[in-house]
Amino acid sequence: MKTMKYIIRRYPLSCMCICLVWVLSLVPVFPETPLDKISFIDKWTHLVMYGGTSAVIWWEYLKHYIKCVDKKTAGIAYTRIILYAVIIPIVMGGLLELLQRYCTGGHRSGEWLDFIADSVGVLLVLPFAMILAKKIASRF
């Protein structure tokens, strides 16, 4: 419980993004909008949701890194941030697609292309985040 409070206090926007993704993924029905006419709007939505969530996780991590770094502990924990900002969101996307497929009573359908869009969104953020992280780390 202590760890959860720490995570929420340290990464509030990331937690909000993750909760929003879960809610939007499991809501039974969406109203129709004019955007429905755009080709692959569903896939674009997945790409933006997961890419945005990954970007927010990176941003909050690097923000805290800059704030808390000192000469003795300088060094970004790349393994940890890759786990939290890349691997976990991709796994979460797969899990949510399975939940949509098997646990929504037919209201939602889990699709492989949605999972691929989730993963691509996360992976598109990775090179930019790594470049930014390396620039920040080199300052210390």
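In what follows, the structure referred to is the one given above.
Below you will find a few notes about this structure. Note that the structure is predicted; figures quoted are calculated from it, not measured.

## What to know about the environment of Phe-40
With respect to the secondary-structure elements, Phe-40 resides in the loop between helix H2 (12–26) and helix H3 (41–68). For the pair formed by Phe-40 and Met-130, sequence separation is 90 residues and the distance between their alpha carbons is 29 Å.

## Structural notes on unusual backbone geometry
Residue Phe-40 is not a glycine yet carries a positive backbone phi of 60°. Given a relative accessible area of 60%, Phe-40 falls into the exposed group.

## A short note on the pattern of salt bridges
Within the structure shown, the criterion is met by three salt bridges. Where salt bridges share partners, they join Asp-42, Lys-43, Glu-111 and Asp-114 into one cluster.

## With respect to the packing of aromatic side chains
This structure, assessed with the given rule, holds one aromatic pair. Relative to Phe-115, the ring of Trp-112 lies with its centre 6.2 Å away and its plane at 75°, an arrangement referred to as edge-to-face. Here Phe-115 and Trp-112 lie together in helix H5 (residues 112–138), a separation of three residues that amounts to about one turn. The ring of Tyr-102 carries the charged tip of Arg-101 above its face, separated from the ring centre by 6.0 Å. Note that Lys-134 overlies the ring of Tyr-78, its terminal NZ or CZ placed 5.0 Å from the centroid.

## A word on the layout of surface pockets
As a volume, the largest pocket reaches approximately 720 Å³. As for the largest pocket, its lining consists of 26 residues, and the residues nearest its centre are Tyr-6, Ile-7, Tyr-11, Ile-57 and Tyr-84. Of all the secondary-structure elements, those providing two or more residues to the lining of the largest pocket are helix H1 (2–10), H2, H3 and helix H4 (78–103). Classifying every residue of the lining of the largest pocket gives 19 nonpolar, five polar and two charged. Its volume calculated, the second largest pocket comes out at about 560 Å³. Secondary structure elements with two or more residues in the lining of the second largest pocket: H2 and H3. With five residues, the top contributor of residues to the lining of the second largest pocket is H3.

## Section: the packing of H3 against H4
The interhelical angle for the contact between H3 and H4, taken along N-to-C directions, is 155°, at an axis separation of 9 Å. As far as their axial angle goes, H4 and H3 are roughly antiparallel. Of the two possible hands of crossing, H3 and H4 adopt the one that is right-handed. Residue-level inspection shows His-46, Tyr-50, Ser-54, Ile-57, Trp-58 and Tyr-61 of H3 in contact with H4, the latter providing Ile-81, Ile-82, Tyr-84, Ala-85, Val-86, Pro-89, Met-92, Gly-93, Leu-96 and Glu-97.

## Concerning the state of the cysteines
Two cysteines, two sulfur atoms, one covalent bond between them: this is a disulfide. Applying the stated criterion to the full structure yields zero disulfides. Of the cysteine sulfurs around Cys-19, a residue in no disulfide, the closest is that of Cys-15, at 6.7 Å. Cys-19 provides the cysteine sulfur closest to Cys-103, a residue in no disulfide bond, and the two sulfurs are 19 Å apart.

Cut-offs applied
- Residues numbered from 1 in each chain as written.
- Predicted model: local features only at pLDDT ≥ 70, side-chain atom pairs only at ≥ 80, totals over all residues.
- Heavy atoms only, no water.
- Helix = DSSP H or I, 4+ residues; strand = E, 2+ residues; numbered from the N terminus.
- Buried < 20%, exposed > 50% of the residue type's maximum accessible area, 1.4 Å probe, protein only.
- Salt bridge = Lys/Arg side-chain N within 4 Å of Asp/Glu carboxyl O.
- Phe/Tyr/Trp six-rings, centres within 6.5 Å; stacked < 30°, edge-to-face > 60°.
- Lys NZ or Arg CZ within 6 Å of the ring centre and 35° of its normal.
- 1 Å grid on protein atoms, 1.4 Å probe; cavity = no way out; pocket = protein on both sides within 12 Å on 5 of 7 lines; lining within 4 Å.
- Points joined across faces, edges and corners; volume = space filled by probe spheres on them.
- Nonpolar A, V, L, I, M, F, W, Y, C, P; charged D, E, K, R; others polar.
- Axes fitted to C-alpha atoms, helices over the stretch in contact; angles between N-to-C directions.
- Parallel < 35°, antiparallel > 145°, perpendicular 65-115°, else oblique.
- Left-handed = near helix turned anticlockwise from the far one by under 90°.
- Contact = heavy atoms within 4.5 Å.
- Disulfide = S-S within 2.5 Å.

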